[in-house]
Amino acid sequence: VLIVPKPGSDSIYYIFTTHRPKQNVNDPQTVYGLEYNEVNLNRSGGLGDITKKNNVLLNPEVSSKLSAVKNSNGVDYWVVAHKFNSNEFCAFRVTSNGVDTANYVSSTVGEIHSAPGETNNGIGYMKISPDGTKIATAIHGLDIYEIFDFDASSGKVTNAVTSPSTFNETYGVEFSSDSR
């Protein structure tokens, strides 16, 4: 789950969610993609209320990796997800008009977060550096980390640097507050 404020609003927030990938090809559980809900904190006497619910941005399957950073314009945001069984990053722009559902920036780079049978490749962190120049992922099932360049003006992900598979069950990743 990731929460991003609507630029220019002090009361509207977007809650982005992903779901786990299927455990195997016979998994009967419903799997959702990347969705968002809009919450207005001024509704229901200040308690808040959902004003838009279960808006689908990406159909299944999507890994649990989800991150956000301010756009280089200093106002808007980028919300970045990663498709499962793919090496595609998907960056959605959030502006004062809302979430841009019609267009997302697609970048195919790095390792494929693959399946079937290895759902652990769908879990782990994805973080964007505070200065918006780098993005990093942990791919649990492959025991690797990847660091990429991120363009906070275009939403593009490029230039993968992949660690050797020497780590044990990689999961978390974070940048320091000065983006190093």
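From a predicted model like this one, the values you see are computed outputs, not experimental measurements. (Residues numbered from 1 in each chain as written. Predicted model: local features only at pLDDT ≥ 70, side-chain atom pairs only at ≥ 80, totals over all residues. Heavy atoms only, no water.)

What follows is about the overall build of the chain. Secondary structure summary: the chain contains one helix and 13 strands in total. Rg of the C-alpha trace for the chain: 16 Å, near the compact-globule value of 16 Å for 180 residues, within the 12% margin. Dimensions along the principal axes, computed over C-alpha positions, put the chain at roughly 50 × 45 × 25 Å. Looking at the chain as a whole, 44% of its 180 residues qualify as buried. Element-wise, carbon and sulfur atoms account for 46% of the exposed surface of the chain, whose accessible area totals about 9,000 Å². (Helix = DSSP H or I, 4+ residues; strand = E, 2+ residues; numbered from the N terminus. Rg over C-alpha atoms; globule rule 2.2 N^0.38 Å. Buried < 20%, exposed > 50% of the residue type's maximum accessible area, 1.4 Å probe, protein only. Areas by Shrake-Rupley, 256 points an atom, 1.4 Å probe, with all protein chains shown as cover.)

Pairing between the strands of a sheet is mediated by backbone hydrogen bonds and can be parallel or antiparallel. Within the open sheet, the four strands sit side by side as β1-β2-β3-β4. Their pairing is antiparallel. Among the strands making up the open sheet, the edge pair consists of β1 (2-5) and β4 (49-58). Strand-to-strand, the axes of this sheet are offset by a mean angle of 25°, without reference to chain direction. As defined by bridge partners, strand β2 (residues 12-17) adjoins strand β3 (residues 34-40) across six bridges and the pair is classed as antiparallel. (Pairing = 2+ DSSP bridges. Axes fitted to C-alpha atoms, helices over the stretch in contact; angles between N-to-C directions.)

This brings us to unusual backbone geometry. Residue glutamate 61 is reached from proline 60 by a cis peptide bond, and omega for that bond is 5°. Summarising the element assignment, glutamate 61 is placed in the loop between β4 and β5 (62-70). Phi at asparagine 85 is positive, roughly 65°, even though this residue is not glycine. Position of asparagine 85 relative to the elements: it lies in the loop between β6 (77-83) and β7 (86-95).

Let us now look at the sheet that holds strand β12 (residues 144-150). Here four strands make up an open sheet; going across it, the order is β10-β11-β12-β13 and the pairing antiparallel. The two strands at the open ends of the sheet, each matched to only one other strand, are β10 (126-128) and β13 (157-162). Each strand axis lies, on average, 20° off the axis of its neighbour in the sheet, ignoring direction. Of the pairings in the sheet, the one linking β12 to β13 comprises four bridges and is antiparallel in character. Bridging across to β13, aspartate 149 finds its partner in threonine 158.

Before going further, it helps to spend a moment on the pattern of salt bridges. Overall, the coordinates contain six salt bridges when judged by the stated rule. For lysine 83, the salt bridge is made with glutamate 88, and the minimal N-O distance between the two is 3.2 Å. In this structure, aspartate 149 and lysine 134 form a salt bridge, with 2.5 Å as the shortest nitrogen-oxygen distance. Of this pair, aspartate 149 sits in strand β12 while lysine 134 sits in strand β11 (residues 134-139), and the two are 15 residues apart along the sequence. Taking relative accessible area as the criterion, lysine 134 reaches 29% and is therefore assigned partly exposed. (Salt bridge = Lys/Arg side-chain N within 4 Å of Asp/Glu carboxyl O.)

Counting 18 residues, the largest nonpolar core has Phe16, Leu34 and Val94 as the members making the most contacts within it. Secondary structure elements with two or more residues in this core: β1, β2, β3, β4, β5, β6 and β7. Every residue in contact with valine 94, bar those within four places of it in the chain, is listed here: Val4, Pro5, Pro7, Tyr14, Phe16, Asp76, Tyr77, Val79 and Val99. Core analysis: the next-biggest nonpolar cluster, separate from the first, contains 14 residues, Val80, Phe89, Ile128 and Ile135 among them. (Core = buried A, V, L, I, M, F, W, Y, C linked by side-chain atoms within 4.5 Å. Contact = heavy atoms within 4.5 Å.)

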